[in-house]
Amino acid sequence: MEQKAVSILKTALRNPPLLTLLLVALVWLAASLTLRGFGAYGHLRYLLELSAVIGIVAAGQTLVILMGGIDLSVGAIITVTAILLPLLSPSADPTGLSGLAIALAIATGIGFLNGAGAAYLRVPPIIMTLAMATFLQGLLVIVAGGSAVSVTNAAVLWLGQARPLGVPSGVMLWIAVSAVVLVIIHRTPLGARLLALGANPLASRLSGINVTRSMLVLYAMSGFFAGLAGILILGMNRQGYVGIGEPYLLTSIAAVVLGGTSILGGRGTYAGTIPGAILLVTTTALITVVNASPGWRSIMFGSLILALLLISGREGRR
Amino acid sequence: MMKTLPLLEARQVFKGFFGNPVLKGVDIALEPGRVHALLGENGAGKSTLINLLSGALRPDSGEIRVDGVPVSRFHPAAARAAGIAVVQQELSLTAELSIAENIGLGAFPRRFGLIDYAALSARASEVCELVGLTESLCTPVGDLSLGRRQMVEIAKALFRKPRVLILDEPTSSLSAHEAGILSRLIERLRGAGIALLYISHRLNEVQALCSHVTVLKDGVVTADQPLAGIDAQGLVRLMVGRDAGDLFPAWELPRRGEELIRLRGFSSGLARDVDFSASAGEIVGIGGLVGQGQEDFLLGLYGAMGSSAREAVIAGRSGPLKSVEAANAAGLAYVPADRKREGLVLPHSIASNLLLPSLGRIAKLGLRDRGAERNLVARLVKRLRIKGETSRPVQALSGGNQQKVALAKWLPLAPSVLLLNDPTRGVDIETKREIYLMLKSFAREGTLIILLSSDTPELVHLCDRVTVFGEGRAVATLPRELISEEAIVGAAMGINPKGSAP
Amino acid sequence: MNIAFLSRQNLFFSVQRRRNRGLNGLYIVVGLFLLAYAMLFPGLLGISGFSKFTQNWFPLALVTMAQALLMLNGGISLAIGPLVSLGAVIAATTMGGPLGPIGGLLAVAASGLLVGALIGVIVAQLRLPAIIVTLAGSFIIGGIALIILPRPGGFIPDWLSNLLAGNGPVAFGLLVLLLVCWKLFLATPLGLGIYAVGDNPVGAFRSGVPVDRVRVTAFALSGLLTALVGLFVAAQTGSGDPVIGTPFTLNSIAGAVLGGVGFLGGKGTMRGAICGSLLLSVMINVMFFLGFSPVTQYVAQGLIILAAVAIPELTSQWSRKP
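An account of the accompanying structure is given in this report. (Residues numbered from 1 in each chain as written. Chains lettered and ligands numbered in written order. Predicted model: local features only at pLDDT ≥ 70, side-chain atom pairs only at ≥ 80, totals over all residues. Heavy atoms only, no water.)

**With respect to the overall build of chain A**
Thought 1: Broken down by element type, chain A carries 14 helices and two strands.
Thought 2: Taken over C-alpha atoms, the radius of gyration comes to 20 Å for chain A, in line with the 20 Å a tight globule of 318 residues would show.
Thought 3: Taking all 318 residues of chain A together, 57% fall into the buried category.
Thought 4: Counting only carbon and sulfur atoms, one obtains 69% of the accessible surface of chain A, whose full area is about 12,800 Å².
Thought 5: In chain A, 17 side chains carry a positive charge and 6 a negative one; their mean positions are 9 Å apart. (Helix = DSSP H or I, 4+ residues; strand = E, 2+ residues; numbered from the N terminus. Rg over C-alpha atoms; globule rule 2.2 N^0.38 Å. Buried < 20%, exposed > 50% of the residue type's maximum accessible area, 1.4 Å probe, protein only. Areas by Shrake-Rupley, 256 points an atom, 1.4 Å probe, with all protein chains shown as cover. Lys, Arg positive; Asp, Glu negative; His and termini not counted. Charge placed at Lys NZ, Arg CZ, Asp CG, Glu CD.)

**Description of the interface of chain A and chain B**
For interface size, the figure often reported is the accessible area lost on association.
Thought 1: Counting from both sides, the interface comprises 22 residues of chain A and, opposite them, 26 residues of chain B.
Thought 2: A buried area of about 1,800 Å², summed over both sides, lies between chain A and chain B, and 58% of it is on carbon and sulfur atoms.
Thought 3: Three residues stand out in chain A for area buried against chain B, namely A:Arg187, A:Leu206 and A:Ser207, and they jointly supply 33% of the buried area on that side.
Thought 4: Here chain A is connected to chain B by one salt bridge. (Contact = heavy atoms within 4.5 Å. Buried area = accessible area lost by both parts, 1.4 Å probe. Salt bridge = Lys/Arg side-chain N within 4 Å of Asp/Glu carboxyl O.)

**Thoughts on the pairing of strand E23 (residues 465–470) of chain B**
Residues and elements named next belong to chain B.
Thought 1: In terms of burial, E23 is largely enclosed, as six of its six residues are buried.
Thought 2: Side chains Arg-465, Thr-467 and Phe-469 project from E23 onto one buried face, and the interleaved Val-466, Val-468 and Gly-470 project onto a second face that is buried too.
Thought 3: Of the strand pairs in this sheet, strand E15 (residues 283–288) and E23 are connected by five bridges, and their pairing is parallel. Paired with Ile-286 across the bridge in E23 is Thr-467.
Thought 4: In terms of strand pairing, E23 meets strand E24 (residues 473–479) through six bridges, oriented antiparallel. Among the inter-strand pairings, Val-468 is bridged to a residue of E24, identified as Ala-476.
Thought 5: Adjacent in sequence and paired antiparallel, E23 and E24 are bridged by two residues, among which Glu-471 carries a positive phi angle near 50°. (Pairing = 2+ DSSP bridges.)

**Points about the state of the cysteines**
Thought 1: A full pass over the atoms with the stated rule returns zero disulfides over all chains.
Thought 2: Cysteine B:Cys128 remains unbridged, with the sulfur of B:Cys138 as its closest cysteine sulfur at 11 Å.
Thought 3: No disulfide involves C:Cys275; its sulfur sits 19 Å from that of C:Cys181, the nearest cysteine. (Disulfide = S-S within 2.5 Å.)

**Observations regarding the interface of chain A and chain C**
Thought 1: Between chain A and chain C, the residue contacts involve 39 residues of the former and 39 residues of the latter.
Thought 2: Of the roughly 3,600 Å² buried between chain A and chain C on both sides combined, carbon and sulfur atoms contribute 79%.
Thought 3: In this assembly, chain A and chain C are joined by zero salt bridges.
Thought 4: Applying the counting rule to chain A against chain C returns one residue pair in polar contact (both at pLDDT 80 or more).
Thought 5: Counting residues per element, the ones that place at least two in the side of chain A that touches chain C are helix H6 (125–144), helix H12 (247–258) and helix H14 (294–312) of chain A. (Polar contact = N/O pair within 3.5 Å; in protein donor to acceptor, adjacent residues only side chain to side chain.)

**Considerations on the side chain of B:Gln402**
All names here are of chain B.
Thought 1: Counting through the fold element by element, Gln-402 comes out in helix H14 (residues 399–408).
Thought 2: A polar contact is formed between the side chain of Gln-402 and the backbone oxygen of Val-394, at a distance of 3.3 Å.
Thought 3: Apart from residues no more than four positions distant in its own chain, Gln-402 is found in contact with Arg-339, Lys-340, Leu-344, Leu-346, Val-394, Gln-395 and Leu-397.

**Comments concerning the pairing of strand E10 (residues 195–199) of chain B**
Residue and element names in this part refer to chain B.
Thought 1: Counting buried residues along E10, five of its five residues qualify, which places the element largely inside the surrounding structure.
Thought 2: By the alternation rule, side chains of E10 split into Ala-195, Leu-197 and Ile-199 and Leu-196 and Tyr-198, which are all buried.
Thought 3: Sheet analysis places strand E3 (residues 34–39) next to E10, joined by five bridges and oriented parallel. Across the sheet, Arg-34 pairs through a bridge with Ala-195, a residue of E10.
Thought 4: Direction of pairing for strand E9 (residues 164–168) relative to E10: parallel, over a ladder of five bridges. In the strand pairing of E10, Val-164 is matched with Ala-195.
Thought 5: Of the crossover connections in this fold, the one passing from E9 over helix H6 (residues 176–191) to the parallel E10 is right-handed. (Right-handed = clockwise from strand over helix to strand, strands pointing away.)

**Points about the nonpolar core**
Thought 1: A:Ile253, B:Leu165, B:Ile261, B:Phe276, B:Phe297, B:Tyr302 and B:Leu332 are the most contacted members of the largest nonpolar core, which totals 345 residues.
Thought 2: With 14 residues, helix H4 (residues 47–72) of chain C is the single largest residue contributor to this core.
Thought 3: Residues B:Leu8, B:Val13, B:Leu23 and B:Leu49 belong to the second largest nonpolar core, which totals 26 residues. (Core = buried A, V, L, I, M, F, W, Y, C linked by side-chain atoms within 4.5 Å.)

Encoded structure:
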């Protein structure tokens, strides 16, 4: 019996997604037993709703990181969609779906530009996406001028507020996104190619993988998912403002790494990012419960990420 | 005759990894003033033995002796202090630093805690002269060709004034000229009383330089004897454990098919203004000194490097290929020389490496077909006799098996043109022979094989024609009846052989 | 001059000259920008104008050096900004206390060294990627800064503010001093080890370079420089602010990249990084004085960084083609 438990633990230690999932279960169990109200259905549902946003941003981030890149513009793309969508939604369309489509097209286009810069200009992705974020920041100041914009788009509000069958529609969206991304990574040629690209770009290119096209597609996808998350956030908040997307940049990267995906690319899966996002939201919630000062909260958050990394994110020598 | 005391010695060393024994009671003794050859196939335990002798690994049991005294806790620093220097296959240089700084790295002469550049300059130019490096000492190593870097690596080892020098495949990227300098240098060092250990897959070098040989097979010493009186056949027998037969398959008249490649004035990278043509079923060799544009020629053909041509017909398409994808679609495949960096995705499994080029072809409705993939992998593994569980990372395989994977992955595409860049570099004899036989059978089936090789005997025995490169141009094309080692080397050195049409 | 004469025979100086290779374009661009700036604002040529200009540049130059030091070594830090803030609040809270200004300076330096060394130990010994460790570290360091001084305040002696950020070119003098120190450091075996470990860690280890010690040293020195920037910034503003360092993280990377320092380690030079930071500083100043709106400033800055990275890459690609 004891041996069996040990062997399960050993398997988990070698399987980062499972390990992260176990950690989430452990934290939820411990918190439900010790904190009043934590284990209530409403609270857990709320945590999942928050995780859905991070999970969707991190979906694109996972794909890009697996390929050996990184997208530092997701925060800015979220802000762009959250601010532009209310302004661009045609009032003639009562469903609001056309506004949704326009916003997603813009987000995807921005991602595509990231990919084009990285692929054609050979700018390192970290710089390309950073420069893109700087551009967008400037752009937003012209468009929004610093004030918040409220949303009336029906589709967006439904996405952010509705709970068909008691499940928040944001969580449903996340489940759909997860299914799509997992299929892409594990069941399509593109998934196998992006993992190969992340582990050895040169050998992949010489094996006939079109690096340029892969980059364009994946950065566009990252832009698309960031835009989707931006719409969800807008629906949950009912208004968009400059800076609304900023917190999601670092958390999306942290969720990916906590899920056991190598930051250097070539190894990992979205199956780890999912519990990674939940773990991140849960720990943040717990830190808020402790009622500490902002400084202490920040320290606890950083130390937790570091501690979790020690368990799951070890890398070989570079 | 008085028996000389060995400078460095391993006695009954055992070493295993993860319960897998690699060395099973190995003895070796390096004596001053002797060039000692270490032979063995890949996976025989040579690298492990070198790592034990240089302190990078510690034996599970047995002892390492320096000057006859057993050392208990041997580590790299202790080995360096004892005057043991190793020139590994993987270079230990820093591209941005100068030749002199690289040579002194880790052993800088100091004054007041700072590097004494005057002393460094004096001592570095001494060792550079020994290895024939004429470049300015302040040249960044990144500006040098691979062969010159190898010489810097050797100079770096000499800088530490070693008493024991271990050379692991030192000539694999050297030109004939540089290899000549190296062999004269080895003679000199031996005369100066240094103990040398020489590892190479090139038996003619071993026979020319070494006087004593230790042969490893599966972690056991099968021979430890003077080299005098053993011929190449005998050496191979010792390594393989049975009669080797002929390394090269017999040459046969090619059945020439349609012309697949016709180039006029083809340029790409270092390769300039090359005229070249080849037909289905041929094996065409590409030779010459290292770094004369041969590799760029192959990469340009393959669409991996920008190229231009006055006239180009490649596998039925006119004009140079613009991308690797286009080349694959036209039926070209390329097996690179540096399989670890360019050929394989090392941390990924054997299966994913084998599938990489054909992922798109065996997908159904955009999704991967697991069953078909499994069948394909099983077929390839069986056909090329690749050893090992296919879910294991390819980096766990020996060099020879890795090379088979790098070659096998192209077979599902049934390429009509196979471009090979030094396919047997660092590959053991048994695998070499398997690869040669495979190439022959591909050619028989009508594949055009273009074989770039730094191993001249390979070109001599396998090829129907050899095009020799010099300074980026195709300086000579030798027909079958004129191919010989002398003719290839001569053409590379600019001596025009009789009857050759450039 | 003397140096030019020596360089013909002396290895050290010819190596130094070689390091300018590929930087001439950058030198020209920086020179042109400085020229344009001097023509727009002739005050630059006076003592006080020069002092003010170098005071604006000084913190950027130091954080760029701190970042370049890590990037050359194959690392990177996303905690530069918070560490600047930490330096600032430690300076502002200790200088008025029993430690006095000298004690405060030592406290800032010690904390920078300590934090840097700690990050270095985690990266080198525990084999965690630097980008993630410093990302997590940025939260911790920022949190500590917030606890020490929750809102802007504290005390910096007036004489110190006047000395560092007054009308004398003290900042420039300090920068020159630092560059001399860097040159000396690079002439030690440990200093050259930074390059070797960044470019080829396995080879460096085999050559007898103490790889882990080099890594920790690089992080510690980088931390020291960064924390000292905090002290300077506190002296400039006359008080400590727990979030004042935030923009420095990205700017330090931008400066280093503009100066030609590569991401993968071992590629680039410190002199290039310094020029990169100068270029960035001049650009920000020029755009500010020309009355560019913040929007155009952002866009222009992004464009310039992109161009700085893309142009050398593209030209080398073209020149490689036949």
